[in-house]
Amino acid sequence: MAKSISENIKWLWNLFASMKLAVILLLIITSLSLFGTFFAPVAFFHTGWFLVPGFLLMLNILVCSFNRWQRIKTLLQGGKVRQPEAFWSSTEGNSMMTDLPCMTASLAAMTSDVLKKRGYRVRSESCSEIVYLAADKNRYFKLGTYVSHLSLVLFVLAFLIGSAFGFRDTGFIVAEQETRFVGHDTGLSLNLLSFTDAYYEDQTPMDYRSEVVLYKNGQLVKQAVIRVNHPLNYEGTRFYQSFFGPAVRIKFRQASQDDLTISVALPAVSASQGYQRPVGSLVLESAGLSFRFIGSAVNATDKIVPKDQLAVEIWQKNTQTGIHILEKGKPAKASGIEITYLEDIQFSGFQVSRDPGNTLIWIASSLFVLGMIAVLFFVHLQLWIQIKPLPTGKSRIYLRLAAPRGFSQAEEMTRTLEAIKRTVESHP
Amino acid sequence: MADLENLSLTLSLVTILMSMILSVIAFINQQRSARTQSGHAVSGPLMLWNRAAIAMVVATVLLITLTIVSRAVQTKHGPFSNMYEFAISFAWGIVVAGFIFRWRYKTDSILNIGLFIALLLLIFARVKYAVPNPLVPALQQSTLLSIHVASAGVAYGTLTIGFGSAIMYLVQKRRNAPWLPELELLDNISYRAVVIGFPFLTLVILLGALWADIAWGRYWGWDPKETASLVTWLIYAAYLHARVMRGWRGIRSAWLLIIGFAAILLTFFGNYIFTGLHAY
């Protein structure tokens, strides 16, 4: 039974150490991404159907990385210097041989110098007048795979950190002259001084600007202009210009209380009888009332709520107590309060977010690029050389190169051999 | 300046077509010459046809560059703000990449496939001509916009050459044609194209994410074009892993490159199929 468990674990380990599985998972994720794009809502990417293959790929990457470590470690250390005789009798294109008029020991020393100049690490061994050299280049760049794979794990970690400890409010609406609390234990509140939307001559949008003041626990901490591509960042909480719309300034006058002037955003749309009207609401706790303001239609000439007029529904404990049409600048009495529709203003919609995983994302991105460059552009080369004396007084030098397929092995060996020949010729 | 842009674009269509015709003439003459004087070096007139074809390719690069520059002078930004401008950049990437690969590997056939795709893109650009318009707020991030889309031009251009090489590989595998490069070389060209194009493709996605984070406050939103570019990236990542680690060569990897190029086309034309944040 115990053997069976260990066999199963070994089977699972081998399965996840398999590059074949990685390629299959990559293709599955690719297909699911295509399916998600064409046939499913965005929420599909947050379901198990998509997340499980992603998790399996992460597991695959981790196991593959562990599994390859021993081989990478051997590569970094350099492996065997002296190779058996059969190794040198290869007829493949990755080996070369020539005879040079030089003693074995001097040729080995000169070859070693040439290789070092060409960026190789050189190790040597001698055995009965034969000298063996093992040289390698770019060995540490082999670790690039680990750097890339680590970055993928960091991407997932960053996503988890962001989900667990961050927040995202995609509809943070503030009307001009209004101050709103951000919440989420930030202690921040944002006051919108003004919002400006500017257009080119052909009416395409040119700029959206929100001039804001940021308070922390009631203290002014920052004044800034938020624009698209220019978010406001304060201690990791970021405010992005997102959308905008109409708002109104309303003055409330109640008996034995100071006048209260409030900005009310009208971000919602009420569609009725072919009219699309902007709608916003407000709760006036001091009066125990809530209000629903309805602006003039934006898609047609509104006969019920004409331009420069505002409809207001007044509610008390879920019961509508009245509906009134307010004329701009003219006070109206309703439910015991005097309400004045002062002016039209605008609201600005922000996306507010805090993502503690954000920095990790950019670290992971940088690591990924560095790892990829290391793997793709710094090819690991291993060169084995055997130098042995000939009865003629010359020495025979064999070269054998190991490099990824696609790398011009013959070119590298020819260059190396030419450099060795030149060095031998320059030494009488 | 608009006249210069139109003129250079039209002339580039002519030169690219001419270079293809000249290549075909050079090829036919080469076949005749091979039959009549086998074993002889390339004859004078034959070399002339080849040189004329290459001269037309150089002229094409210069004319597309002129189109891009004259457009940039009008718009005050890189040619990266709509399908018309990006199609021209894409074509430029293909022709330049094809020319470099032709110079490096001394083979015309892959360049010609690249030229054909570039020709289609330039015709598409001609049809989709857009009057220069100022940038909307989201696109007013010239540094990131320029590098993001320029990287896409380089990546797509290079990967198109990889696609051309994969097509040639499949043809060569089936027909064993003496006029086509050897299978080993074609496989190698495909791999080299991906090795160059893949990092740029990665840069496109990373810079796009960085830009999205600055503009919209999230680095990834599963926007269709984002997803399509991720799909493209995953296919090429699978290709590299399959080739480097599993030793995939030949037909299987050639088919992966063809699927990869289909994903590039899906990403490029994606905004005509699905809606999203990307206008092009």
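Asks: What is the right way to read the overall build of chain B from this model?
Replies: Along the backbone of chain B there are eight helices and zero strands. Secondary structure of chain B in N-to-C order comes out as α-α-α-α-α-α-α-α. When its C-alpha atoms are laid out on the principal axes, chain B stretches across 65 × 50 × 25 Å. Every one of the 280 residues in chain B was classed for burial, and the buried ones make up 56%. Approximately 11900 Å² of chain B is accessible, and the part contributed by carbon and sulfur atoms is 69%. In chain B, 20 positive and 10 negative side-chain charges are present, and the distance between their average locations comes to 10 Å.

Asks: What exactly am I supposed to notice about the side chain of Thr15 of chain B here?
Replies: Residue and element names in this part refer to chain B. On the secondary structure map, Thr15 appears in helix α1 (residues 2-36). Under the relative-accessibility criterion, Thr15 is labelled buried at 10%. Not counting chain neighbours up to four residues away, the residues in contact with Thr15 comprise Met56, Ala59, Thr60 and Leu63.

Asks: Would you mind going over the interface of chain B and chain A with me for this structure?
Replies: Reports of interface size often rely on the accessible area that becomes lost once the parts have come together. Taken together, the 50 residues of chain B in the interface contact 48 residues of chain A. Buried area between chain B and chain A, both sides added, is near 4100 Å², and the carbon and sulfur share of it is 67%. Contact with chain A buries area across many residues of chain B, yet Pro137, Tyr219 and Trp222 of chain B alone supply 16% of it, more than any other trio. Scanning the region where chain B abuts chain A turns up one salt bridge. Measuring nitrogen to oxygen at the nearest pair gives 2.9 Å for the salt bridge that ties Asp213 of chain B to Arg238 of chain A. Our count for the chain B to chain A interface comes out at eight residue pairs in polar contact (both at pLDDT 80 or more).

Asks: Just to check I follow, could you spell out the sheet that holds strand β15 (residues 309-316) of chain A for this structure?
Replies: Hydrogen bonds between backbone groups are what pair the strands of a sheet, and the pairing can be parallel or antiparallel. Residues and elements named next belong to chain A. Across the sheet, which stays open at both edges, the five strands sit in the order β12-β13-β14-β15-β16 with antiparallel pairing between neighbours. For this open sheet the edge positions go to β12 (268-272) and β16 (319-327), each flanked by a neighbour on one side alone. Along the sheet, successive strands turn relative to each other by an average axial angle of 30°, direction set aside. In the sheet, β12 pairs with strand β13 (residues 275-284) via five bridges, with the strands oriented antiparallel. When the bridges of β13 are listed, Ala271 appears paired with Gln276.

Asks: How should I be thinking about the side chain of Thr107 of chain B in this particular structure?
Replies: All names here are of chain B. Looking at the secondary structure, you find Thr107 in the loop between α3 (83-105) and α4 (108-127). Among the residues examined, Thr107 registers a relative accessible area of 8% and is labelled buried. Here Ser109 takes part through its side chain, which lies 3.2 Å from a polar atom of the side chain of Thr107. Residues contacting Thr107, with those up to four places away along its chain left out, are Arg102, Pro181 and Ile189.

Asks: What is the right way to read the pattern of salt bridges from this model?
Replies: It is possible for side chains bearing opposite charge to pair when their charged atoms get close. Scanning all chains against the criterion turns up 22 salt bridges over all chains. For Arg253 of chain A, the salt bridge goes to Glu338 of chain A, with nearest N and O atoms at 3.8 Å. Separated by 85 residues along the polypeptide, Arg253 of chain A in strand β10 (residues 237-253) and Glu338 of chain A in strand β18 (residues 337-354) bring together distant segments of the chain. Assessed through its relative accessible area of 37%, Arg253 of chain A is described here as partly exposed. Of the charged contacts, one joins Arg243 of chain B and Asp187 of chain B as a salt bridge, the two residues approaching to 2.8 Å between their closest N and O atoms. Remark: Asp187 of chain B occurs in helix α6 (residues 183-216) and Arg243 of chain B occurs in helix α7 (residues 224-244); sequence separation between them is 56 residues. Given the relative accessible area of 4%, Arg243 of chain B is considered buried. Judged by its relative accessible area of 9%, Asp187 of chain B falls in the buried class. One salt-bridge network, in which partners are shared between bridges, spans Asp207, Arg209 and Arg227 of chain A.

Calculation rules
- Residues numbered from 1 in each chain as written.
- Chains lettered and ligands numbered in written order.
- Predicted model: local features only at pLDDT ≥ 70, side-chain atom pairs only at ≥ 80, totals over all residues.
- Heavy atoms only, no water.
- Helix = DSSP H or I, 4+ residues; strand = E, 2+ residues; numbered from the N terminus.
- Buried < 20%, exposed > 50% of the residue type's maximum accessible area, 1.4 Å probe, protein only.
- Areas by Shrake-Rupley, 256 points an atom, 1.4 Å probe, with all protein chains shown as cover.
- Lys, Arg positive; Asp, Glu negative; His and termini not counted.
- Charge placed at Lys NZ, Arg CZ, Asp CG, Glu CD.
- Contact = heavy atoms within 4.5 Å.
- Buried area = accessible area lost by both parts, 1.4 Å probe.
- Salt bridge = Lys/Arg side-chain N within 4 Å of Asp/Glu carboxyl O.
- Polar contact = N/O pair within 3.5 Å; in protein donor to acceptor, adjacent residues only side chain to side chain.
- Pairing = 2+ DSSP bridges.
- Axes fitted to C-alpha atoms, helices over the stretch in contact; angles between N-to-C directions.

Distances and angles like these do not, on their own, reveal function.
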